[in-house]
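A look at the structure
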Amino acid sequence: MSLPSSQHYRSQGRRLGIDENILDRAVEAIERIRRTDPRLTPVLTLRHLSELTGAHYGYLRRVVARMLGQYRRISLRKRIPGRSRHRIISIPPQQLMEVQQWIVQNILRHVEPCSASFAYHPGSSPVLAAEEHCGCAWLLKIDIEDFFHTITEGRISALFFQLGYPRLLAFELARLTTMLIDSPGPALVRQPAQRWPAIPYYHSPWEGVLPQGAPTSPMLSNLVMRDLDTRLLSLSAQYGMRYTRYADDLAFSCRTGHDRAYVERFKRLVLAELSHEGFRPNLRKSVIRGPGTRRIVLGMLVNGPTPKLPREFKDMLRLHLHYLRSPNFGPSKHAERLKTSLSTLYHRVRGLIGWATSVEPDYGAECLASFEEVDWPPVQPRFEE
């Protein structure tokens with residue numbers, strides 16, 4: 001449910017006997033939001049948000065006060081560990097998730113990220129990101145450490161305010177889309193003193209961060225990065241580099257005519273920009289690749305004119321298909337050897353084929369034809385296009 005036009009809103013308010021000064025401020029807020037983007041749904045207060053979303057106002061207020069809305073944490077082991085060997089996925093409770101999904105559909109999906117971003121928005125694709133670097137001579141890759149947990153509620157509040165939402169509501173929206181970290185550490189940020197002195201109910205000694213697992217976090221991270229992405233695009237253009245970002249993976253590349261020292265100097269400038277924004281690079285996953293080496297972006301080879309699948313990926317997929325089609329082995333024995341279920345194996349291999357098809361369509365079609373020849377047990381569902 002969206003608001004009517006400013007004229008109809010004012011007319012309805014007068015009929016309800018609402019004070020003219022209040023109507024003036026409300027209309028001003030509506031027009032400010034719509035000037036940012038007419039597709040954004042105007043929201044005036046937290047109570048207004050509760051009416052739009054169907055969530056109870058008291059529940060929303062307690063979430064903002066950090067009294068409710070505890071996230072369920074799931075620990076996933078990383079295949080390539082960095083400083084931490086596990087990735088924590090934080091899942092919001094159902095009612096809060098529904099509010100966050102409403103924010104995504106009615107606000108965030110209408111706001112365009114920087115053109116350097118290739119993740120978390122309609123039409124984005126890792127293959128498109130890799131294409132930007134095809135045929136490069138030098139490739140610089142930088143990974144941001146603990147990306148979501150570095151983005152604080154203060155940044156999110158500033159973002160909603162920039163979109164035109166009232167300052168208090170922007171703060172409340174930030175609280176609804178961030179969470180507190182359980183244990184002290186680098187991601188736990190002390191709240192700026194007296195942020196909202198007029199609302200003691202909202203006071204908290206700690207500042208929330210984006211949860212990895214909330215529906216709002218991906219798009220919010222993109223929008224928070226817009227200014228930094230724009231600066232990195234400008235810096236890259238000055239140095240003859242191409243820049244793309246896929247979530248926390250930053251890639252820069254250039255053609256011939258430069259050497260490693262040139263790329264190293266450029267890298268120091270990029271790290272300075274990241275540090276200025278409060279981000280930390282993951283040094284284990286930040287690399288420079290030059291002539292005579294394999295340049296890989298988001299799991300794709302970019303040495304040639306188009307993205308290609310690495311040899312080891314194709315070898316792994318070929319091995320799966322060999323065992324699955326073998327009359328002496330088959331799906332059951334292959335799943336047992338891998339210590340997994342048939343269902344998990346089915347979807348794992350099908351997912352690999354889907355990825356192969358997106359990068360190399362002809363090769364992916366060949367693999368899919370082989371996969372469909374596998375004699376799966378009757379309980380296993382068939383994939384439908």
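Our structure is the block above this text.
Reading guide: rules and limits
- Every chain begins its residue count from 1, and numbering advances along the sequence as written.
- Reporting in this predicted model follows two pLDDT cut-offs: at least 70 for local features of residues, and 80 or more for side-chain atom pairs to be given and counted; totals over whole chains, interfaces and linings ignore these cut-offs and use all residues.
- As a rule here, side-chain values cover all heavy atoms of the structure and leave hydrogens and water aside.
- Nonpolar cores were defined as sets of buried Ala, Val, Leu, Ile, Met, Phe, Trp, Tyr and Cys residues, with membership established by side-chain atoms within 4.5 Å.
- Type-normalised accessible area, obtained with a 1.4 Å probe on protein chains alone, sets the label of each residue: buried when under 20%, exposed when over 50%, and partly exposed for intermediate values.
- The secondary structure listing takes helices from DSSP runs of H or I that are at least 4 residues long and strands from runs of E that are at least 2 residues long, numbered from the N terminus.
- Contacts are assigned to residue pairs that have any heavy atoms within 4.5 Å of one another.
- For this analysis, a salt bridge means a side-chain nitrogen from Lys or Arg found within 4 Å of a carboxyl oxygen belonging to Asp or Glu.
- Two rings from Phe, Tyr or Trp (for Trp, the six-membered ring) form a pair when their centres sit within 6.5 Å of each other. Planes less than 30 degrees apart are called stacked, planes more than 60 degrees apart edge-to-face, and all others tilted.
- The rule is short: NZ of Lys or CZ of Arg within 6 Å of the ring centre and within 35 degrees of the ring normal puts a charge over the ring.
- Note on definitions: angles span 0 to 180 degrees between N-to-C directions of axes, and those axes are lines fitted to C-alpha atoms, for helices only across the stretch in contact.
- What sets the label is the angle itself: under 35 degrees gives roughly parallel, over 145 gives roughly antiparallel, 65 to 115 gives roughly perpendicular, and the rest give oblique.
- Here a crossing is called left-handed whenever its near helix is offset anticlockwise from the far helix by less than a right angle, and right-handed whenever the offset is clockwise.
- Gly is placed with the polar residues, together with every amino acid not listed as nonpolar (Ala, Val, Leu, Ile, Met, Phe, Trp, Tyr, Cys and Pro) or charged (Asp, Glu, Lys and Arg).
- Here a polar contact means two N or O atoms within 3.5 Å. Within protein one must be a hydrogen donor candidate and the other an acceptor candidate, and residues neighboring in sequence count only if both atoms are side-chain atoms.

1. Description of the nonpolar core
Membership of the largest hydrophobic core comes to 68 residues, with the highest contact counts inside it found for Leu 49, Ile 107, Leu 108, Phe 160, Tyr 165, Leu 176 and Phe 252. A total of 6 residues in this core trace back to one element, the largest contributor, which is helix α9 (residues 167-176). In this structure Phe 160 touches Ile 103, Ile 107, Leu 108, Tyr 165, Ala 170, Leu 173, Ala 174, Thr 177 and Leu 220, once residues within four positions along its chain are discounted. Residues Ala 130, Val 349, Cys 367 and Phe 371 belong to the second largest nonpolar core, which totals 28 residues.

2. So, the pattern of salt bridges
The tally for this structure, following the rule as stated, stands at 15 salt bridges. Salt-bridge contacts for Glu 264 lead to Arg 260; the nearest nitrogen and oxygen are separated by 3.7 Å. One end of the pair, Glu 264, and the other, Arg 260, are both in helix α12 (residues 260-276), 4 residues apart, so they sit about a helical turn from each other. On the basis of relative accessible area, Arg 260 is assigned to the partly exposed category, the value being 40%. Of the charged contacts, one joins Asp 315 and Arg 318 as a salt bridge, the two residues approaching to 2.8 Å between their closest N and O atoms. Of this pair, Asp 315 and Arg 318 both sit in helix α13 (residues 311-325), 3 residues apart, roughly one helical turn. What makes Asp 315 partly exposed here is its relative accessible area of 36%.

3. Some words on unusual backbone geometry
The phi dihedral of Tyr 120 falls on the positive side, at around 70°, and the residue is not glycine. Along the chain, the position of Tyr 120 falls in the loop between α5 (94-106) and α6 (126-131). Residue Asp 146 is not a glycine yet carries a positive backbone phi of 55°. Here Asp 146 shows up in the loop between β3 (138-145) and α7 (147-150). On the basis of relative accessibility, which here comes to 33%, the residue Asp 146 falls in the partly exposed class.

4. Quick word on the packing of aromatic side chains
Applying the stated criterion across every chain yields a total of 14 aromatic pairs. Ring geometry for Tyr 346 and Phe 371: centres 5.3 Å apart, planes at 55°, overall tilted. Highlighted residues: Tyr 346 in helix α15 (residues 342-359) and Phe 371 in helix α16 (residues 361-371), separated in sequence by 25 residues. For Tyr 346, a relative accessible area of 2% corresponds to the buried category. Site record: aromatic cluster; members linked through ring pairs are Tyr 239, Tyr 243, Phe 252, Tyr 262 and Phe 266. A cation over a ring is seen here: Arg 47 above Tyr 57, with NZ or CZ 3.9 Å from the ring centre. Here the basic side chain of Arg 155 rests over the ring of Phe 279, its NZ or CZ set 5.0 Å away from the ring centre.

5. Considering the packing of α13 against α15
Here α13 crosses α15 at 135°, and the two axes come no closer than 11 Å. Between α13 and α15, the angle is such that the two are oblique. Where α13 crosses over α15, the handedness of that crossing is left-handed. Along its contact with α13, which presents Phe 313, Met 316, Leu 317, His 320, Leu 321 and Leu 324, the element α15 presents Leu 345, Val 349, Leu 352, Ile 353, Trp 355 and Ala 356. Per-class residue counts for the contact of α13 with α15 are 11 nonpolar, 1 polar and no charged.

6. Here's the deal with the environment of Thr 244
Turning to its location among the elements, Thr 244 is positioned in strand β6 (residues 242-246). Using a relative accessible area of 3% as the deciding quantity, one classes Thr 244 as buried. As for Thr 244 and Ser 117, which are separated by 127 residues in sequence, their C-alpha atoms are 6.1 Å apart. Beyond its immediate chain neighbours, meaning those up to four positions away, Thr 244 contacts Ala 116, Phe 118, Ala 129, Glu 132, His 133, Asp 249, Leu 250 and Ala 251. Here His 133 takes part through its side chain, which lies 2.8 Å from a polar atom of the side chain of Thr 244.

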